[in-house]
Amino acid sequence: MRQFTAIVNPTAGASTGVAALLRVARLLREAGAELETEYTRSLEHAQDLAREAGARKRVVLAVGGDGITGAVGGALSETGTHFGLVPAGRGNDFARALGLPTEPDALAPILLEGSPRLVDTIEVDSAHGRTVALGSVYAGVDALANRHANHTRLLRGAASYYFGGLRAVATWRPAAYRVTVDGEEHTHRGYTVVAANSAYYGSGRIIAPDARLDDGLLEVVMIRHAPRRLFFALMNELKTGTHVNRPEVEILRGREIRIEADRPVPYGTDGEVDANLPVTARVLPGSLAVLC
């Protein structure tokens, strides 16, 4: 029987992380599994807890949203530790990409009996150091929107991201990007560049419909400058992924992507935004064992 260590963000989704874990924990324990719970003080603390639990050969569960999922999963990348998710945040985009349910009755059997699937992660290098992300690295208006969403207190879930997007677009001026994909340079002036391992970001928006978690490649989505009214229409198309058919959107694929800009432009990873370009993203194939 598996032994679990649950790492909980006690503030995720207005404290729904704790409630979500309680429901799943009862089912795990009733099945005979051992479960210990650790509450985080920060994402760095969550990473330390994950590495320590992994070293004891325990299955590590991230309980919360994409922030703690990315932090814990990144810490476990290339360690062989089995990783599980209890989605309980605003976005839950990595869980969505894996097709994981949120209902405890459906999730518990996966954690108890599911086979580990090897998925890719993203090594992220910048002046701020090296980290590992799971879903995507995004640089531009979406990172600014994410920052606004993270600081709103009145809205939750997709609504906070939509509000953040409106606020970001209203003040955005196009940036000149230099994007190097596997050594080949591309210039681009516009709204954003996204290096995507997962199809989803921004609470269910389908930024890269063809992205796969286990193909050893990153989808590079570049959105060029367009009138704001057109960009708002494009934002709406992110719900279905049909934005990729617009001429303002270019998609490349590669294993290593370097993103630079002509001015300070924020970039984010897995729902967290705290740095500016330049940044380099490299795929780490099959580096994380996820229960799904």
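Scope of this entry: the structure provided in the associated data block.

### Comments concerning the pairing of strand β4 (residues 82–87)
Step number 1: Most of β4 sits inside the fold, with five of its six residues counted as buried.
Step number 2: Sheet topology places strand β3 (residues 59–64) next to β4; five bridges connect them, and they run parallel. Along β4, the bridge assignment pairs valine 60 with phenylalanine 83.
Step number 3: Each parallel crossover has a hand, and for β3 linked through helix α3 (residues 66–76) to β4 it is right-handed.
Step number 4: Across two bridges, the pairing between β4 and strand β17 (residues 279–291) is parallel. Across the sheet, the residue bridging to phenylalanine 83 is valine 290, located in β17.

### Notes on the side chain of serine 136
Step number 1: In this fold, serine 136 is placed in strand β7 (residues 136–140).
Step number 2: Owing to a relative accessible area of 2%, serine 136 belongs among the buried residues under this scheme.
Step number 3: The residues touching serine 136, leaving out its near neighbours within four places in the chain, are Ile122, Val194, Ala195, Ala196, Asn197, Tyr201, Gly268, Thr269 and Asp270.

### Details of the side chain of glutamate 248
Step number 1: Along the polypeptide, glutamate 248 turns up in the loop between α8 (228–237) and β13 (249–254).
Step number 2: Put simply, glutamate 248 is tucked away with no salt bridge, and the nearest opposite charge, on arginine 246, sits 4.6 Å away.

### Structural notes on the packing of helix α2 (residues 43–55) against α3
Step number 1: The interhelical angle for the contact between α2 and α3, taken along N-to-C directions, is 40°, at an axis separation of 8 Å. Taken together, the axis directions place α2 and α3 in an arrangement best described as oblique. Two packed elements cross with a definite hand, and for α2 against α3 that hand is right-handed. Contact residues: α2 offers Leu43, Ala46, Gln47, Ala50 and Arg51, while α3 offers Gly67, Ile68, Ala71, Val72, Ala75 and Leu76.
Step number 2: Residues of the contact of α2 with α3, tallied by class, amount to eight nonpolar, two polar and one charged.

### Brief notes about the pattern of salt bridges
Step number 1: For the structure on display, the rule yields 19 salt bridges.
Step number 2: Here arginine 282 ties to aspartate 125 by a salt bridge, and the two come within 2.4 Å at their closest N and O atoms. Separated by 157 residues along the polypeptide, arginine 282 in strand β17 and aspartate 125 in strand β5 (residues 116–126) bring together distant segments of the chain.
Step number 3: Residue arginine 178 is joined to glutamate 185 by a salt bridge in which the shortest nitrogen-to-oxygen separation is 3.8 Å.
Step number 4: Connected through shared salt-bridge partners, Glu78, Glu123, Asp125, Arg130, Glu256 and Arg282 make up one network.

### Here we look at the environment of serine 198
Step number 1: Tracing the sequence through the fold places serine 198 in the loop between β9 (184–196) and β10 (200–201).
Step number 2: Here the alpha-carbon distance between serine 198 and threonine 131, two residues 67 residues apart in the chain, equals 17 Å.
Step number 3: If we skip the residues at most four places from it in the chain, serine 198 touches Asp93, Ala97, Gly135, Ala208, Ala211 and Leu213.
Step number 4: Reaching out from serine 198, the side chain makes a polar contact with the backbone nitrogen of tyrosine 200 at a distance of 3.1 Å.

### Let's talk about the packing of aromatic side chains
Between two aromatic rings, the relevant description is the distance of the centres plus the angle of the planes.
Step number 1: Within the structure shown, the criterion is met by one aromatic pair.
Step number 2: Relative to tyrosine 201, the ring of tyrosine 138 has its centre 5.5 Å away and its plane inclined at 80°; by these criteria the two rings are edge-to-face. Here tyrosine 138, found in strand β7, pairs with tyrosine 201, found in strand β10; they are 63 residues apart in sequence, far enough to count as distant. Across the pair, exposure class does not vary: tyrosine 138 and tyrosine 201 are buried alike.
Step number 3: Positioned above the aromatic ring of tyrosine 200, the side-chain terminus of arginine 96 is 5.9 Å from the ring centre.
Step number 4: Its guanidinium or amino end placed over the ring of tryptophan 172, arginine 263 lies 4.8 Å from that ring's centre, counting from NZ or CZ.

Rules of the game
- Residues numbered from 1 in each chain as written.
- Predicted model: local features only at pLDDT ≥ 70, side-chain atom pairs only at ≥ 80, totals over all residues.
- Heavy atoms only, no water.
- Buried < 20%, exposed > 50% of the residue type's maximum accessible area, 1.4 Å probe, protein only.
- Helix = DSSP H or I, 4+ residues; strand = E, 2+ residues; numbered from the N terminus.
- Pairing = 2+ DSSP bridges.
- Right-handed = clockwise from strand over helix to strand, strands pointing away.
- Contact = heavy atoms within 4.5 Å.
- Lys, Arg positive; Asp, Glu negative; His and termini not counted.
- Salt bridge = Lys/Arg side-chain N within 4 Å of Asp/Glu carboxyl O.
- Axes fitted to C-alpha atoms, helices over the stretch in contact; angles between N-to-C directions.
- Parallel < 35°, antiparallel > 145°, perpendicular 65-115°, else oblique.
- Left-handed = near helix turned anticlockwise from the far one by under 90°.
- Nonpolar A, V, L, I, M, F, W, Y, C, P; charged D, E, K, R; others polar.
- Polar contact = N/O pair within 3.5 Å; in protein donor to acceptor, adjacent residues only side chain to side chain.
- Phe/Tyr/Trp six-rings, centres within 6.5 Å; stacked < 30°, edge-to-face > 60°.
- Lys NZ or Arg CZ within 6 Å of the ring centre and 35° of its normal.

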